[in-house]
Amino acid sequence: MSIWNAIVDGFSPDQIAGTLNSPGQEGTRDAWPDWIHPDIPHGLAQYGIERPWQHQVDGMNSIHSGHHTVIATGTGSGKSLTVWAPVVSQILHHRESKSLADVRKRPSVLYMAPTKALAADQLDSLAKLVNITGGRVQPSTVDGDTPAEVRRWARAYANVILTNPDFAHFSMLAGHDRWTRMWSGLTAIVIDEFHTYRGMMGAQVALVVRRMLRVARHYGANPTVVFLSATANDPASTAGRFLGIPADEISVIDSDTSSHSPSRLVIARGKKVPSVNDDVLVVDAEAEPARRSALKESAIVAARAVDAGASTLVFSRSRAGAESISSLIQENLSERHSRFAHQIAAYRGGYLPEERRELEAALRDGSIRALATTNALELGIDISGLDAVVMSGWPGTHASFRQQMGRAGRSSREGIAVLIARDDPLDQYLAENVEGLLEQAVEAQVFDPTNPYIVSGHVCAAASELPLTEEDASVFGFENTDHFMELTDAGLLTYRGGKWRWNFALGTSAHELVDIRGTGQEVSIIEGCTGTLLGTVSGSQADTTVHPNAIYIHQGSPYMVQSLDEERAIVEPYREEEIRTFAVADTAVDIIDTQVEIPTKSGTLAFGDVLVASRVTGYDTRRNKDGLYLGRTPLEMPLRELPTQGCWWTISEKRCAEVGLTPDILPGALHGLEHAMIGMLPLFATCDRWDIGGLSTAMHLQTASPTIIIHDASQGGAGCAERGFHKARAWLEATVSRLESCPCREGCPSCIQSPKCGNGNSPLSKIGSLILGKALLEDMS
């Protein structure tokens, strides 16, 4: 039986929402550019690469000409060679140059990946070029895990340096005088997986790169910036906004001329189950029969694929989900007496570097047949020969969807992808609108480098690196130096002789003011009885994931949190009845400044600055096997305040009464529509529901009206709420469509229930949400 048949035949007819085919492509090749060093085509011919693809040649010529360039072609289309061929060629030509000026300025290249794992993998992919150049190309990865002696060698000798934004900021920029050789000869900065830089992190990395260009210019270099991304929306404008330059200064290569195998995609839902059992998390007795959870359905599908001989990746939206799926696949294969039952593992962020490297190698050599992972393996890590990809729920964006789907069929074989729709408004909406899913444009890449909560730290860091002048205002998107003076008045900068410098008298590092990933301090998760470091969690997530008595899952094993402070969570193995914990929080949102306000017939649609105050007040406990609610335990946790941006709707009480939203229904209507809208916003912006939050109230103190507020979950805003404001009608229409098509009566996870609700999904009114959504749409017309 074929792998496709083994997967699809296991579904009942009502599970399959649709199947789509993506045809293969022969590809179009072109001759190597005349300026390419002859060792490169001669050497690559030994590996079977006679000629490059047409789009590769176009990209090489653009980079060689010194144009900032975006390479936005498909997964497996050879983007790496497109950038490495011209920059390595320049290194080789320089080594043969007789010019004294050339000898003094050895060219160097700085490659920056979003993760350490991807940078390490790119080093492996450079091995071919290193071999064919006889060691004249000397690459090195440098990051926080790199031994001191390797860093010293890289500073002295490496001409291709592979790193990540964190190390670039804290080491290469903070200590730029130790990297003088690299900066003075820097010819190119390569930004890989550009589509991942969105929201808070996108803004942070944009400012890091702008500071890198500033330091390079100080040392006499003028590097070209090359962006590599398998998926991009309006790449010229996005890259221009990233660098702070006009879009017409960016060259775009987005016509993929490479050959690729055909692929098939099946979109399915969980299997219907007639009664409460191990398969069900939530059951509405008056609704249609409940369906098996996407997590468990994905594990069952993956087990079928593995048993049919497929090497398989299963993507989960969360770390806990990846761990659970791994365990469930093993259980399913054991029940089948499959020889592959012990060749299954989980892979996620938070694992130690050596664990990740071992898992990557095991998947490559086939000793692991299935890997359940978070988006940590979505990126371009070179794991070829995969037969199938299973996505446990919509990945969050079309960009991630294409990346994950593209991991299968990369070795000239047909790729097979399975998307299991979760009980989530967006997942179910997409399952009902399958046609065009593969052609749908990716979402807008939102980030705001001018965010005042971000840019101030970078201004201070830049002033620490080199004194600021009036000309540097444009680096940060400023029209003048007023912000420099504000920081001077605050005592962070000093001003003398027309220049601004970091106030070193403070005794702290300016670079500590910048939080690249917007996660705050990492909290270490330590097994108390052994002292073993199990992993880490970001400080921003610690209150909800590793609060006291929380159940933490590591490699399928449950641990209970004994204590939590700002630096560490102490856990111990938990061997009693398997339970799961879910944090409960209270939230308030104050409107600080209304930037834009549009009147509607009975209220307003607005966008502006808000302050979110939240506190974890307790946790709910549920039995793992059937989701049975076991009770709520109170907690005393600190208050967290988040200044951010949001958009909000108001509607008059009179209008609510006209459409039948009586006082007893209105709170549930507002709450349900808020949940559904949060679930649908990722259709229009590069975010997922965990990047945004919301509040609904029948009487907001500031608006004096029933109000729904949707806000970014990042300090200062990430652009998601603003994107929603500008797409308000389409966003609301998609939300109403989902509410109308969902077959449940009272509301379910596929429409108005939220997995992250801090109020236990109460109160909710599905019919009220639909009435309210239609009323808001009518008021906008």
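Right, let's walk through the structure included here. Since the structure is predicted, the reported quantities are computational estimates derived from the model, not experimental observations. Residue numbers restart at each chain and count upward from 1, following the sequence in its written direction. Local features in this predicted model are restricted to residues whose pLDDT is 70 or higher, and side-chain atom pairs enter the listing and the counts only when it is 80 or higher, whereas totals over whole chains, interfaces and linings include all residues. Side-chain calculation: all heavy atoms of the structure are included, whereas hydrogens and water are not.

## Some thoughts on the overall build of the chain
Counting secondary structure elements, the chain contains 25 helices and 27 strands. Radius of gyration here is computed from C-alpha atoms only, and the compact-globule reference equals 2.2 Å multiplied by the residue count raised to the power 0.38. For 781 residues, the compact-globule formula gives about 28 Å, and the C-alpha radius of gyration of the chain, at 27 Å, lands near that figure. Throughout this description, buried means an accessible area under 20% of the type-specific maximum (1.4 Å probe, protein chains only), exposed means over 50%, and partly exposed covers the range between. Every one of the 781 residues in the chain was classed for burial, and the buried ones make up 56%. In what follows, a contact means two residues having at least one pair of non-hydrogen atoms within 4.5 Å. In the chain, the share of contacts with a sequence separation of at least 24, taken over all contacts with a separation of at least 6, comes to 72%. Charged-residue counts in this description rest on Lys and Arg as positive and Asp and Glu as negative, His and the chain ends being excluded. Taken as the charge location is NZ of Lys, CZ of Arg, CG of Asp or CD of Glu. Looking at the chain, you have 69 positive and 93 negative side-chain charges, and the mean spots of the two groups are 4 Å apart. Under the scheme used here, helices are H or I runs from DSSP no shorter than 4 residues and strands are E runs no shorter than 2 residues, and both carry numbers assigned from the N terminus.

## Focus: the pairing of strand S27 (residues 707-712)
Here S27 lies mainly inside the structure; 6 of its 6 residues are buried. Burial along S27 is two-sided: the face carrying Thr707, Ile709 and His711 and the face carrying Ile708, Ile710 and Asp712 are both buried. Two strands make a pair as long as DSSP finds a minimum of two bridges between them. Taken together, the 5 bridges between strand S25 (residues 640-651) and S27 define a ladder with antiparallel strand orientation. Opposite Gly646, over in S27, you have His711 as the bridge partner.

## What to know about the packing of aromatic side chains
Only centres within 6.5 Å qualify two rings of Phe, Tyr or Trp (six-membered ring in Trp) as a pair; their planes then separate them into stacked at under 30 degrees, edge-to-face at over 60, and tilted for everything else. Tallying each qualifying case throughout the model produces 16 aromatic pairs. An angle of 50° between the planes, with centres 4.6 Å apart, marks the rings of Phe194 and Phe227 as tilted. Of this pair, Phe194 sits in the loop between strand S6 (186-191) and helix H11 (199-218) while Phe227 is found in strand S7 (residues 224-228), placing the two residues 33 residues apart along the sequence. Looking at Phe194, the relative accessible area reads 2%, which means it is buried. Measuring from centroid to centroid gives 6.3 Å for Phe476 and Phe484, while their planes differ by 85°, and the two rings are edge-to-face.

## Remarks on helix H16 (residues 398-405)
Residues that lie three or four places apart on an α-helix share one face, since the helix turns once every 3.6 residues. Counted residue by residue, H16 has 7 buried out of 8 residues, so it is predominantly covered. Of the positions making up H16, those classed as buried are His398, Ala399, Ser400, Phe401, Gln403, Gln404 and Met405. Where H16 is buried, its residues contact strand S9 (263-268), strand S10 (312-315), strand S13 (388-392) and strand S14 (415-420).

## Structural notes on the sheet that holds S6
Either a parallel or an antiparallel arrangement is found when strands of a sheet pair, and the pairing is made through backbone hydrogen bonds. One open sheet accounts for 7 strands, arranged S4-S5-S3-S6-S7-S2-S8; its pairing is parallel. Two strands bound the open sheet, and with one partner strand each, they are strand S4 (139-141) and strand S8 (250-253). Put simply, the sheet's adjacent strands are angled 15° from each other on average, direction ignored. In the sheet, strand S3 (residues 108-112) pairs with strand S5 (residues 160-163) via 4 bridges, with the strands oriented parallel. Residue pairing for S5: Leu110 is matched across the bridge by Ile161. Note on geometry: axes are C-alpha line fits, over the in-contact stretch for helices, and angles between N-to-C directions span 0 to 180 degrees. Along the sheet face, helix H3 (residues 54-64) touches strand S2 (68-71), S7 and S8 and points at about 165° away from the line of S8.

## Describing unusual backbone geometry
Peptide bonds are trans in most cases, and residues, glycine excluded, mostly fall at negative phi. For the bond running from Ser762 to Pro763, omega is 0°, close enough to zero to count as cis. With respect to the helices and strands, the residue Pro763 is situated in the loop between helix H24 (728-741) and helix H25 (766-780). One non-glycine residue, His337, adopts positive backbone phi at about 60°. On the basis of relative accessible area, His337 is assigned to the exposed category, the value being 73%. Positive phi values are uncommon outside glycine, yet Ala704 reaches one of about 55°. One can find Ala704 in the loop between strand S26 (692-697) and S27.

Interpretation note: all reported values are geometric properties and have no functional meaning in isolation.
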